[in-house]
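Coordinates in review
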Amino acid sequence: MRKFISLVISLTMLFVLCSPIYAQNEENINQVESQRTGIVLPVDKFNDLYGQVDSNEIIVPDDNNMKATISIINTASQENNVSFKANVNYNDKIKEINATGELFNGYKKQFGNNSIVGEVSDANGNFDVLLFEIYNDTKSTKAITDPALKTRPHIKLYLKDHENNVLLFEEDIPEAFQNINITNADQANSINDLFWFASVIKPIEQKEIPVSSEMMNIIQQERGDVISPAAVGDYSDWVHTTTYYTSYVAGGDTIKNYSLPYGSWKASHVTSSSNWINSFKIAEHVQVNGKKVAARNLFEYRNVTLSTAVGDKSSIDMSVVDGNMVGKGSSGSLAMLVAEKAWKTAIPAAPSLSTIKSWITAANSAFTSKNISLGSSNIRLSNSPATVTSVSSQNHTLYSNTHYLQLNTNVQYNSDSGSSASTSGVMRIDWKVYLNNVLHDSKTKDVTFNYTVRSK
């Protein structure tokens, strides 16, 4: 019996020792008792200390009421995902943060710095996570609470609570975070990285400025040639009259956003049929202390609407939408809004420009949702000819030089008379621009032109 029991114990131990530890391969879980002192201060005071032209990059607590502590309870990481729990003690209360999110490359990666940034949220709803960065490098960087960390690997966890307080924690990288590697090639959203402060620091400037030669050069680089004037039969360009601009100061750094809407269009004289093009594009860049950086612009465009309307003896037979927006590139499929106005033989023989514009307004008051394959779907709502066709990006976001929306229409001669005509056409572009997810501006641009139409 003793030999049997001894054999069972030996076999059990052998099984335990030889069994693979799957949890370590799939998910890295750590129990941690890491405590660190940080800073808590009201948003207004943080703005005064860190968001002014004469601000320093280090904030020194001036009384005990500015001190907070954080105790990280446990962490877990798997591929590009991270989670951790921590207790935050400040202002005579303790709140728990239950953070989960995805890890991306930080914008500092473009300078050779090993920066990983999380797009992280608190499942408990106690805090907004302004910044979660694992900075595993010794190159000098910013540190708000501890200048000694500027050239040491460290983590940053910046929070905002619902009482309008900012909490700042920085510490040497805990063992649990030291070996995190990500496969994600994408860069973190700037609002979680370079512009983490945008909701707690007021802009120094926020306005529309004249279009500079630098912005025009960006457009020319994207086009590959010079800006062309309005001319039927050739590609032409429209450019918004001003550039959207905002400037922040954060810890002595000046960070600026520039964003300029523009587009290319093409309308041709119609002989039997002709293909027309209407588009919306963006020229933009971000600067830190006067130098351009690859970072997501804070100005975002939604509800971009393109409309094309034809005049006398003309109708739209087919319309195709192409574009590149956040999460959707050319050939992708997505839900968009479509509108049109049917062509009728009873329309004015020679509609005025104001009449054609009114058709666009009427059509765009009744959009229909439709699933569209970019670059291939005929977005027409019926098989009957139309005088107006419109498409809206709805809530799909555009913000970069590579984003665009384009409406291609096939315009045909449509008359029983067989006679030609000289008439007007209109391409309308509407957009809404958001700054920090708040509506900043709405604009409409009408491109008008004259063209001839004949049967052959």
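1. Focus: the overall build of the protein
Within the protein, the regular secondary structure consists of six helices and 23 strands. Relative to the 2.2 N^0.38 estimate, which gives 23 Å for 456 residues, the radius of gyration of the protein is 29 Å and therefore markedly larger than a compact globule would have. In terms of overall dimensions, the protein has a C-alpha envelope of 105 × 70 × 40 Å along the principal axes. Buried residues in the protein amount to 49% of all 456 residues. Restricting the contact set of the protein to residue pairs at least 6 apart, pairs at least 24 apart contribute 72%. Seen as two clouds, the 39 positive and the 45 negative side-chain charges of the protein have centres 6 Å apart.

2. Quick look at the nonpolar core
Within soluble globular proteins, side chains that are nonpolar tend to cluster in buried spots. Among the nonpolar cores identified, the biggest contains 71 residues, and Phe46 and Phe280 are the most heavily contacted of them. Here this core gets six residues from one element, more than from any other, and that element is strand 22 (residues 421–435). With 27 residues, the next largest nonpolar core counts Ala68, Leu103, Ile116 and Ile134 among its residues.

3. Focus: unusual backbone geometry
Unusually for a residue other than glycine, Asn436 sits at a positive phi of about 55°. If you trace the backbone, Asn436 turns up in the loop between strand 22 and strand 23 (438–454). On the basis of relative accessible area, Asn436 is assigned to the partly exposed category, the value being 27%. For Asn437, which is not glycine, the phi dihedral falls at a positive 65°. Mapped onto the secondary structure, Asn437 falls in the loop between strand 22 and strand 23.

4. Digging into the pattern of salt bridges
The final tally for this structure, using the stated rule, is 20 salt bridges. Where Lys108 meets Glu133, a salt bridge forms, and the shortest distance between an N and an O atom there is 3.1 Å. Of the two residues, Lys108 sits in the loop between strand 4 (93–105) and strand 5 (115–122) while Glu133 sits in strand 6 (residues 127–135), which places them 25 residues apart along the sequence. A residue is classified by how much of its surface remains accessible, and Glu133, at 2% relative accessible area, is buried.

5. A closer look at the confidence of the model for the protein
With 90% of its residues at a pLDDT of at least 70, the protein reaches an overall mean of 89. Across the protein, the secondary-structure element scoring lowest on mean pLDDT is helix 2 (residues 22–26), at 38, and the one scoring highest is strand 16 (residues 299–309), at 98. Throughout residues 1–26 the model reports pLDDT below 50, and contacts reaching past four residues in sequence, or to other chains, amount to two contacts.

6. As for the side chain of Glu133
Reaching out from Glu133, the side chain makes a polar contact with the side chain of Lys108 at a distance of 3.1 Å. The contact partners of Glu133, leaving out residues within four places of it in the chain, are Lys108, Ser115, Ile116, Val117, His154, Ile155 and Lys156.

7. Here we look at the environment of Leu381
Looking at the secondary structure, you find Leu381 in the loop between strand 19 (368–373) and strand 20 (386–392). In this structure, the C-alpha to C-alpha distance between Leu381 and Glu300, residues 81 residues apart in sequence, is 29 Å.

8. Observations regarding the packing of aromatic side chains
Across all of its chains, the model carries 24 aromatic pairs by this definition. For the ring pair Phe84 and Phe177, a centre distance of 6.3 Å and an interplane angle of 85° mean the geometry is edge-to-face. Residue Phe84 is located in strand 3 (residues 81–90), and its partner Phe177 is located in helix 4 (residues 175–178); the two are separated by 93 residues in the primary sequence. A single burial state applies to Phe84 and to Phe177, both of which are buried. Between Tyr244 and Tyr301 the ring centres are 6.3 Å apart and the planes differ by 50°, which places this aromatic pair in the tilted class. With Tyr244 in strand 11 (residues 242–250) and Tyr301 in strand 16, this residue pair connects regions lying 57 residues apart in the sequence. Each member of the pair, Tyr244 as well as Tyr301, carries the same accessibility label: buried. Taken together, the ring pairs connect Phe46, Tyr50, Tyr158, Phe195, Trp196, Phe197 and Tyr248 into an aromatic cluster.

9. Overview of the pairing of strand 17 (residues 314–324)
Along any regular strand the residues' side chains alternate between the sheet's two faces. Judged by how many residues are buried, strand 17 sits mostly within the fold: eight of 11 residues are covered. Bridge analysis of strand 17 against strand 21 (residues 404–413) gives 10 bridges, and the strand direction is antiparallel. When the bridges of strand 21 are listed, Asp322 appears paired with Gln406.

10. Describing the environment of Lys344
Among the structural elements, Lys344 can be located in the loop between strand 18 (333–342) and helix 6 (353–363). Judged by its relative accessible area of 55%, Lys344 is exposed. Separated by 110 residues in the primary sequence, Lys344 and Asp234 place their C-alpha atoms 29 Å from one another.

11. Brief notes about helix 3 (residues 43–50)
In an α-helix, one full turn covers 3.6 residues, which means residues spaced three or four apart are oriented alike. Three or more residues of helix 3 are buried, namely Val43, Phe46, Asn47 and Tyr50. All buried residues of helix 3 fall inside an arc of 100° around its axis, so they share one side. Opposite the packed face of helix 3, turned more than 90 degrees from it, sit the exposed residues Asp44 and Asp48.

12. Describing the environment of Val249
If you trace the backbone, Val249 turns up in strand 11. A relative accessible area of 5% places Val249 in the buried class. When the C-alpha atoms of Val249 and Ile201 are compared, they prove to be 8.2 Å apart, with 48 residues separating the residues in sequence. Apart from the residues within four sequence positions on either side, Val249 is in contact with Tyr50, Gly51, Gln52, Val53, Ile201, Ile204 and Thr254.

13. Focus: the side chain of Asp237
Residue position: Asp237 is located in strand 10 (residues 236–239). Here the side chain of Asp237 touches Ser264 through a polar contact of 3.0 Å, side chain to side chain.

14. Observations regarding the pairing of strand 20
Burial analysis of strand 20 places seven of its seven residues in the buried class, which makes it a mostly covered element. The pairing of strand 16 with strand 20 spans five bridges and is classified as antiparallel. Paired with Leu306 across the two strands is Val391, which belongs to strand 20. Across six bridges, the pairing between strand 18 and strand 20 is antiparallel. Its bridge partner being in strand 20, Glu340 is matched across the sheet by Thr389.

Definitions and cut-offs
- Residues numbered from 1 in each chain as written.
- Predicted model: local features only at pLDDT ≥ 70, side-chain atom pairs only at ≥ 80, totals over all residues.
- Heavy atoms only, no water.
- Helix = DSSP H or I, 4+ residues; strand = E, 2+ residues; numbered from the N terminus.
- Rg over C-alpha atoms; globule rule 2.2 N^0.38 Å.
- Buried < 20%, exposed > 50% of the residue type's maximum accessible area, 1.4 Å probe, protein only.
- Contact = heavy atoms within 4.5 Å.
- Lys, Arg positive; Asp, Glu negative; His and termini not counted.
- Charge placed at Lys NZ, Arg CZ, Asp CG, Glu CD.
- Core = buried A, V, L, I, M, F, W, Y, C linked by side-chain atoms within 4.5 Å.
- Salt bridge = Lys/Arg side-chain N within 4 Å of Asp/Glu carboxyl O.
- pLDDT = per-residue confidence, 0-100.
- Polar contact = N/O pair within 3.5 Å; in protein donor to acceptor, adjacent residues only side chain to side chain.
- Phe/Tyr/Trp six-rings, centres within 6.5 Å; stacked < 30°, edge-to-face > 60°.
- Pairing = 2+ DSSP bridges.
- Arc of directions from axis to C-beta.

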